[in-house]
Amino acid sequence: MSLLSVAEARERILSHFQPVAAESLPLVECASRVLARDITASTNLPLFDNSSMDGFALRAADVAGAAPDSARTLRVVADIPAGATPTVSLAEGQAARIMTGAPLPQGADAVLPVEDTDFQNRSAGLPAPEFVQAYQAVKAGNNVRPRGMDIHAGEAVLQAGHLLKPQDLGVLAMLGEAQVRVYRRPRVALLSSGDELLAVDAPLESGKIRDSNSYTLAALIESAGAEVLRLGVAADRREAVEALVEQAATLQVDLILSSAGVSVGAFDYVKEVIESNGRLDFWRVNMRPGKPLAFGDYRGIPFIGLPGNPVSAFVGFEVFVRPALGRLGGLKTVSRPRVRVRLGEAVESDGRESYLRAEIREENGTLTAYLSGHQGSGNLLSLVRANALLIIPAGVKSAPAYQEVDAWML
Ligand code: AMP
Ligand code: MG
């Protein structure tokens, strides 16, 4: 078995995944979902010229040269609250009281804020005055938000493959997109394996440990936008593993994810079971932690076997499974953004591509990284204390303090 580079292993895995089907959902259910079609603006935004202030809509020419000691008097011919349709057309010397967001009347080309008039009372229900004194000049266009200023009808607004953020839902609402085509959430069957594993609430027994990976991995799966079906723990027996993967196949999931049982030799039963109805390759990936990785399919469903050590399982998820779930879920960009950080201390590696748990702090305006504790692949506390993974490239055995490296923020 040769050593695969991380990039090669990831590419091989990704080549087996395509986006799942799309569905139409009410907008209110679309937060953190992935758009399945491009969104083109069906209208201008704003929809109509409107006021950005509470004040008086007027003709800028009528208040040219106005000042506190040289006021211009205008006749108020209309009162336009937000939501109203103005019916007047302003003639010379005329103004309309107008509220923020209300449509500009015909003839008006600017809004004078109430603060710059003699009528400063904004109490609800107070009738508009008959005349208003303008204490300031305004230029045509001042305090007016013209139609289409933000978005033009026909403009491309969002692309398929985009993860919908809260503000995206806002713009979709503005555009009247009540039902949105999004990818359905990928479904992942999650199983653990090992005779040593106990449930979190079971009494401890000698030689046994609590299953922790299923909690970490289930939360990671959900954080990647997928649905998790927790199948539980299989004992180290062929029939136990078979029962769980058969269950996964029945549930028609998009991915079967397991942890443990991928180290060379000792776990032939996983290989045997998967290969009875599919294929399974055991890879050695040039990375640390998490060198062993199993990849294959069972009854046509992709199967990824992560290492059992808790940190290896986490890192393996971030490196291989999150991108695969991104591809399944329709995301256009599946790679995680990297940030450049400065090492606050020297770090060592063994020459494999290393993912080091680190705490990144801002020091004098520079993001500076310190290892967050013991880097052994079973030591979860250093990952708990980390806010980033430093990525030390393959071939690098040590990096001095002050050197810049890439990091994934967690
Ligand atoms: P394995 O890959 O089966 O050789 O397991 C490697 C290490 O990970 C062993 O120390 C296992 O006890 C541990 N391990 C395996 N599965 C889990 C799990 N679900 N939760 C916590 N530790 C585990
Ligand atoms: Mg095991």
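Being a predicted model, the structure only gives us computed values, none of them experimental.

(A) Representation of the sheet that holds strand β6 (residues 72-80) within the structure. If you walk across this open sheet you meet the 5 strands as β8-β5-β7-β6-β9, and the pairing is mixed. Two strands close off the open sheet at either side, each with one partner strand: β8 (110-113) and β9 (131-134). Between one strand axis and the next, the sheet turns through 40° on average, direction left out of account. Across 5 bridges, the pairing between β6 and strand β7 (residues 94-98) is parallel. Residue D79 lies in a different strand from β7, and its bridge partner there is R97.

(B) Examining the packing of aromatic side chains more closely. Summed over all chains, the structure comprises 3 aromatic pairs. Their ring planes at 80° and their centres at 6.2 Å tell us that F56 and F119 sit as a pair that is edge-to-face. On the criterion of sequence distance, the pair formed by F56 in strand β5 (residues 55-58) and F119 in the loop between β8 and β9 is long-range, its members being 63 residues apart. Each of the two residues, F56 as well as F119, counts as buried. For the pair Y355 and W408, a centre-to-centre distance of 5.5 Å together with 35° between the ring planes defines the contact as tilted. Of this pair, Y355 sits in strand β24 (residues 353-363) while W408 sits in strand β28 (residues 404-409), and the two are 53 residues apart along the sequence. You'll find Y355 and W408 in the same group, each marked buried. Over the ring of W283 we find R12, and its NZ or CZ is 5.5 Å from the ring centre.

(C) Inspection of helix α3 (residues 213-223) at higher detail. Turning to α3, its buried residues number three or more, namely N213, S214, L217, A218, L220 and I221. The arc that holds the buried residues of α3, viewed along the axis, is 165°, so those residues lie on one side. Summarising the contacts, the buried residues of α3 are in contact with β13 (187-193), β16 (227-234), β17 (255-259), β21 (301-306) and α6 (310-328). The first or second residue beyond α3 is G225, which carries a positive phi of 85°.

(D) Quick look at the nonpolar core. One finds I13, I221, L257, I304, F317, F320 and L325 to be the most contacted residues of the largest nonpolar core, which totals 41 residues. Considering every element that reaches this core, the biggest residue donor is α6, with 11 residues. Ignoring any residue separated from it by four or fewer positions in sequence, one finds I221 in contact with V188, L190, A226, E227, V228, L257, F317 and L325. If you look at the next biggest cluster of nonpolar residues, it comprises 24 residues, including L229, Y269, L280 and F303.

About the criteria used
- Residues numbered from 1 in each chain as written.
- Chains lettered and ligands numbered in written order.
- Predicted model: local features only at pLDDT ≥ 70, side-chain atom pairs only at ≥ 80, totals over all residues.
- Heavy atoms only, no water.
- Pairing = 2+ DSSP bridges.
- Helix = DSSP H or I, 4+ residues; strand = E, 2+ residues; numbered from the N terminus.
- Axes fitted to C-alpha atoms, helices over the stretch in contact; angles between N-to-C directions.
- Phe/Tyr/Trp six-rings, centres within 6.5 Å; stacked < 30°, edge-to-face > 60°.
- Buried < 20%, exposed > 50% of the residue type's maximum accessible area, 1.4 Å probe, protein only.
- Lys NZ or Arg CZ within 6 Å of the ring centre and 35° of its normal.
- Arc of directions from axis to C-beta.
- Contact = heavy atoms within 4.5 Å.
- Core = buried A, V, L, I, M, F, W, Y, C linked by side-chain atoms within 4.5 Å.

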